[in-house]
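Structure assessment
As a plain string of letters, each chain reads:
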Amino acid sequence: MAKKTKRAKTSRARPKSRAKPGMKAKATKLLERIGARVSAARKGAKASARRTLRKVRSKESALAGNKRLVLAFYQKLIGEKDYAGARRYMGSDYRQHAPYAADGHAGVAEWVRKFKEAFPQHHYEVKRIIAEGDLVMLHLHGKSGLHPYGESVVDIFRIENGKVVEHWDIIQAIPESADNANSMF
């Protein structure tokens, strides 16, 4: 039979530190400096995120203001056919891209006069309003105008210093029937 031998326990003692006196204090100071830099970086990142959020909110607020401006302007100009009431929403210069109205304030005033005379019952329904940068787009259903089923209208306005200064539009008559089942809105 084999004889069991006892193994001697080996000591796994740590080797003596070769660190020079004061190294622990230096390491602690280094860790504190690193911690302070990390903390400052986190604070900086939080501040940067707050600034970004403020900018986004400011931009959203400006876009919402532009939408309100255009809706009020459009209500006066087209809904009420009141150029004088709409004038306060317009800049000192007004550039017209629609081919049926002359450029400038006098051109718009004359167009509104003729529009009111020809289509006194005309009204519209806003389907969409989209704002990006200095532009606001209205997608509308014009009713009781030239066409029996109305028109699909896209009006685009440019805003400058809180005033409407430029206009484009696209007007498409709504047909009696379509080749698909989709609405124009």
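First, a word on scope: everything that follows refers to the structure included in this document. The residue numbering used here restarts from 1 in each chain and proceeds along that chain's sequence as written. Note on the predicted model: pLDDT of at least 70 is required for a residue's local features to be given, and 80 or more for side-chain atom pairs to be given and counted; whole-chain, interface and lining totals, by contrast, use all residues. Side-chain measures here rest on the full set of heavy atoms in the structure, leaving out hydrogens and waters.

Should a side-chain nitrogen of Lys or Arg be within 4 Å of a carboxyl oxygen of Asp or Glu, the pair is scored as a salt bridge. All chains considered together, the criterion is met by nine salt bridges. Across the salt bridge formed by R95 and E166, the nearest N and O atoms sit 4.0 Å from each other. Taken together, the residues span a long stretch of sequence, with R95 in strand β1 (residues 90-96) and E166 in strand β5 (residues 163-173) at a distance of 71 residues. Of the residues examined, R95 reaches a relative accessible area of 48% and is grouped as partly exposed. A salt bridge links E125 to K127; the nearest nitrogen and oxygen atoms lie 3.0 Å apart. Strands here mean DSSP runs of E at least two residues long; helices mean DSSP runs of H or I at least four residues long; both are numbered from the N terminus. We call a residue buried when its accessible area falls under 20% of the maximum for its residue type, exposed when it is over 50%, and partly exposed in between, using a 1.4 Å probe and counting protein chains only.

On to the sheet that holds strand β3 (residues 135-143). Pairing between strands is defined by DSSP: at least two bridges between the two strands are required. The sheet built from five strands is open, its strands ordered β1-β5-β4-β3-β2 with mixed pairing. What marks the edges here is a single partner per strand, and that holds for β1 and β2 (123-132). Across the sheet, the mean angle separating the axes of adjacent strands is 25 degrees when strand polarity is ignored. In this sheet, strand β4 (residues 151-160) lies alongside β3 in antiparallel orientation, the contact comprising eight bridges. Along β4, the bridge assignment pairs L138 with D155. In what follows, a contact means two residues having at least one pair of non-hydrogen atoms within 4.5 Å. Throughout, an axis means a line fitted to C-alpha atoms (over the contacting stretch in the case of helices), and angles, computed between N-to-C directions, take values from 0 to 180 degrees. The strands touched by helix α1 (residues 23-79) within the sheet are β1, β2, β3, β4 and β5, with β2 carrying the most contacts at an inclination of about 155 degrees.

A few words on the packing of aromatic side chains. Given two aromatic rings, one states the distance between the centres and the angle between the planes to describe the pair. Stacked, tilted and edge-to-face are the three classes assigned to paired rings of Phe, Tyr and Trp, where Trp is represented by its six-membered ring and a pair needs centres within 6.5 Å; plane angles under 30 degrees give stacked, over 60 edge-to-face, the rest tilted. Following the criterion strictly, the structure yields seven aromatic pairs and no others. Note on F73 and F157: the rings are 5.7 Å apart at their centroids and 85 degrees apart in plane angle, and the pair reads as edge-to-face. Note that F73 is positioned in helix α1 and F157 in strand β4, a separation of 84 residues in sequence. For the ring pair Y74 and Y124, a centre distance of 4.8 Å and an interplane angle of 85 degrees mean the geometry is edge-to-face.

By the element assignment, A102 lies in the loop between β1 and α3 (104-118). Look past the residues within four positions of A102 in its chain and what remains in contact with it is Q96, G107 and V108.

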